[in-house]
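This is what each chain is made of:
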Amino acid sequence: MALTPRLVRACRGEEVDRTPAWLMRQAGRYLPEYRKVREAHSLLDICADAELTSKVTLQPLERFDLDAAIIFADILLPLVPMGIDLDFVPGKGPVIQNPIQSPSDVEALKPFDPRDHLSPTLEAITSVRTQVNQDTAVIGFAGAPFTLASYLIEGGPTKNFGRVKSFMSNEPEAFLALMTKLREVSGRWLTAQAEAGADALQLFDTWAGWLNPITYEKQVMEHSRFVFHNLKGTGCPTIHFAVGAPHLIELLSQVGSDVLGVDWRLSIDEAWNRFSMDCAIQGNLDPTALLGSEQHIRRAVIDVMERVDRRPGHIFNLGHGILPQTPPHSVTIAMDAVRSYEATAA
Ligand code: CP3
């Protein structure tokens, strides 16, 4: 019988032989082998090719002692087949040439079919699942409806989310129609990834922290809840992650995921004690800790581990994605610090 990956067991709050650990954005520009692939292929090219996707997904697992592979993709990929002209501009991030500005733009969005539109990612999930060992989880992911809506409406970098917030207040019906479409997109995309072989599913609501609790509860929460509710049939545990959202923690923990991911703004024990529903936790080393000395990295990792104090249901991770200027050796040190902490505390 196949072993259940330890990350899956931790998501369910079960005891595990060691704390599962992986890092958001573990595949990416801080790795020279990734930059080498990027010299010849754009981000969208990699994502459109199952073999390149698998290769890049596995790069960090070849170097580091990680408990999960997160499939290499981007939360914005489903928007392209919906009729959105998306590009990743170096130094600027994602840019959309035809952002949503009116209710008719919402209506014009085309339906998204994961198998027709993003089959390379699905093929890569199936392939990566056969290439990693049974203890290791393959994580599929998607953007949450609000974060996708923010990109669609803002169209590019923003300092204050003024466009999406004014769309929410000036066009509440069109915003509701948009969120209703996007929750189907996130839900279908994650379900397809589960069917392709993903062991766990993460929903990124990166920008939810820009909302106040009242707006989050009134215009956003039910849509993320719909996504998690519909994933129950997949049998995969789910992880919900938002950035800069300590003021939403009580609400986020009621949205229906098995795990809540927390950033570094609160100590992990304080964050966990504020969950209003019992669920597992993922986090929360500050990504900048990996820019410090070996001693600093080890101390910061031990601080997270001591605060968790072996409470079941912890997945070690950063509090947000790994920074591009991170020396790869710092990741080796951090993973060693997690493992040595457990060996000495055992
Ligand atoms: O290893 C992994 O974690 C998988 C890869 C991954 C990417 N994007 C590839 C990528 C994941 C999990 C994402 C998710 C994603 N994409 C999020 C949610 C996570 C978070 O950071 O909060 C968001 C908000 C995006 C949108 C996005 N894509 C931004 C803001 C950027 C530019 C920022 C930057 O770092 O340059 C991207 C581009 C992107 N997606 C890169 C990578 C590796 C960097 C550009 C490149 O390699 O060409």
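These numbers come from a predicted model, not from an experiment. (Residues numbered from 1 in each chain as written. Predicted model: local features only at pLDDT ≥ 70, side-chain atom pairs only at ≥ 80, totals over all residues. Heavy atoms only, no water.)

**Some thoughts on the packing of helix 8 (residues 145–154) against helix 10 (residues 172–196)**
Inference 1: Contact pair helix 8 / helix 10: the axes reach a minimum separation of 9 Å and the direction vectors enclose 120 degrees. The angle between helix 8 and helix 10 falls in the class oblique. For the pair helix 8 and helix 10, the crossing hand works out as right-handed. Counting all contacts with helix 8, which are made through Pro 145, Phe 146, Leu 148, Ala 149, Leu 152 and Ile 153, the residues of helix 10 involved are Phe 175, Leu 178, Met 179, Leu 182, Arg 183 and Ser 186.
Inference 2: Across the contact of helix 8 with helix 10, the residue classes break down as 10 nonpolar, one polar and one charged. (Axes fitted to C-alpha atoms, helices over the stretch in contact; angles between N-to-C directions. Helix = DSSP H or I, 4+ residues; strand = E, 2+ residues; numbered from the N terminus. Parallel < 35°, antiparallel > 145°, perpendicular 65-115°, else oblique. Left-handed = near helix turned anticlockwise from the far one by under 90°. Contact = heavy atoms within 4.5 Å. Nonpolar A, V, L, I, M, F, W, Y, C, P; charged D, E, K, R; others polar.)

**Details of the pattern of salt bridges**
Inference 1: Inspection of the entire model under this criterion finds 18 salt bridges.
Inference 2: Arg 18 serves as the salt-bridge partner of Asp 67, at 2.8 Å between the closest nitrogen and oxygen. Of the two residues, Asp 67 is situated in the loop between helix 4 (50–63) and strand 1 (68–70) and Arg 18 in the loop between helix 1 (6–11) and helix 2 (32–40); the sequence distance between them amounts to 49 residues.
Inference 3: Judged by relative accessible area, which is 1%, Asp 67 ranks as buried.
Inference 4: Across the pair Arg 307 and Asp 303 runs a salt bridge whose closest N-O atoms are separated by 3.0 Å. Taken together, the positions of Arg 307 and Asp 303, both in helix 14 (residues 294–308) and four residues apart, correspond to about one turn of that helix.
Inference 5: Accessibility expressed as a relative area gives 34% for Arg 307, which makes it partly exposed. (Salt bridge = Lys/Arg side-chain N within 4 Å of Asp/Glu carboxyl O. Buried < 20%, exposed > 50% of the residue type's maximum accessible area, 1.4 Å probe, protein only.)

**Focus on unusual backbone geometry**
Inference 1: Here the residue pair Gly 283 and Asn 284 is connected by a cis peptide bond, since its omega of -10 degrees sits within 30 degrees of zero.
Inference 2: The residue Asn 284 is located in strand 8 (residues 280–285) in this model.
Inference 3: In this structure, Arg 25 is a non-glycine residue whose phi angle is positive, near 60 degrees.
Inference 4: With respect to the element layout, Arg 25 can be found in the loop between helix 1 and helix 2.
Inference 5: Here Arg 25 falls in the exposed class, since its relative accessible area comes to 55%.
Inference 6: Positive phi outside glycine occurs at Asp 309, with the angle close to 55 degrees.
Inference 7: Relative accessible area serves as the criterion here: at 55%, Asp 309 is assigned to the exposed category.

**Points about the sheet that holds strand 8**
Inference 1: One open sheet accounts for seven strands, arranged 1-4-5-6-7-8-9; its pairing is parallel. In the strand order of this sheet, the two ends are held by strand 1 and strand 9 (314–318), each with one partner. Taking the axes of each pair of neighbouring strands and ignoring which way they run, one obtains an average angle of 25 degrees across the sheet.
Inference 2: Of the pairings in the sheet, the one linking strand 6 (residues 238–242) to strand 7 (residues 259–261) comprises three bridges and is parallel in character. By the bridge assignment, His 240 is partnered in strand 7 with Leu 260. (Pairing = 2+ DSSP bridges.)

**Things to note about the layout of surface pockets**
Inference 1: Of the voids in this model, the largest pocket is the one considered here, and its volume is about 1600 Å³.
Inference 2: For the lining of the largest pocket, the elements supplying multiple residues, two or more each, are helix 2, helix 3 (43–47), strand 2 (86–89), strand 3 (93–96) and helix 8.
Inference 3: By residue class, the composition of the lining of the largest pocket is 28 nonpolar, 12 polar and eight charged.
Inference 4: Of the pockets and cavities examined, the second largest pocket occupies roughly 270 Å³.
Inference 5: Going through the elements one at a time, helix 14 and helix 15 (328–345) are the ones with two or more residues in the lining of the second largest pocket.
Inference 6: Grouping the constituent residues of the lining of the second largest pocket by class yields six nonpolar, three polar and seven charged. (1 Å grid on protein atoms, 1.4 Å probe; cavity = no way out; pocket = protein on both sides within 12 Å on 5 of 7 lines; lining within 4 Å. Points joined across faces, edges and corners; volume = space filled by probe spheres on them.)

**Here we look at the site of the ligand**
Inference 1: Around the ligand lies a shell of 22 residues, among which Arg 29, Tyr 34, Arg 38, Asp 74 and His 320 are the nearest.
Inference 2: Contact between the ligand and Tyr 34: an oxygen atom at 2.6 Å from a side-chain N or O atom of the residue.
Inference 3: Measuring from a nitrogen atom of the ligand, one finds a side-chain N or O atom of Asp 74 at 2.7 Å.
Inference 4: Here the ligand is seated within the largest pocket.
Inference 5: Secondary-structure elements contributing two or more residues to the shell around the ligand are helix 2 and strand 3.
Inference 6: Looking at side-chain class alone, the shell around the ligand contains 14 nonpolar, four polar and four charged residues. (Near = heavy atom within 4 Å. Polar contact = N/O pair within 3.5 Å; in protein donor to acceptor, adjacent residues only side chain to side chain. Sits in = over half its atoms within 2 Å of the grid points.)

**What to know about the nonpolar core**
Inference 1: In this structure, Leu 7, Phe 175, Leu 178, Tyr 216, Leu 285, Val 301 and Phe 316 are the most contacted members of the largest nonpolar core, which totals 126 residues.
Inference 2: A total of 11 residues in this core trace back to one element, the largest contributor, which is helix 10. (Core = buried A, V, L, I, M, F, W, Y, C linked by side-chain atoms within 4.5 Å.)

**A word on the side chain of Glu 342**
Inference 1: Along the chain, Glu 342 turns up in helix 15.
Inference 2: Buried and unpaired, Glu 342 has Arg 339 as its nearest opposite-charge partner, separated by 4.5 Å. (Lys, Arg positive; Asp, Glu negative; His and termini not counted.)

**Digging into helix 11 (residues 213–231)**
Inference 1: The largest bend in helix 11 comes to about 55 degrees, at Val 220.
Inference 2: Inspection of helix 11 places Tyr 216, Gln 219, Val 220, Met 221, His 223, Ser 224, Val 227, Phe 228 and Leu 231 among the buried residues, and these make up the whole buried set.
Inference 3: Taken together, the buried residues of helix 11 touch helix 8, helix 9 (162–170), helix 10, strand 5 (200–205), strand 6 and helix 12 (249–252). (Bend = angle between axes of the 7 residues up to and from the residue.)

Interpretation in functional terms is not warranted from these geometric data alone.
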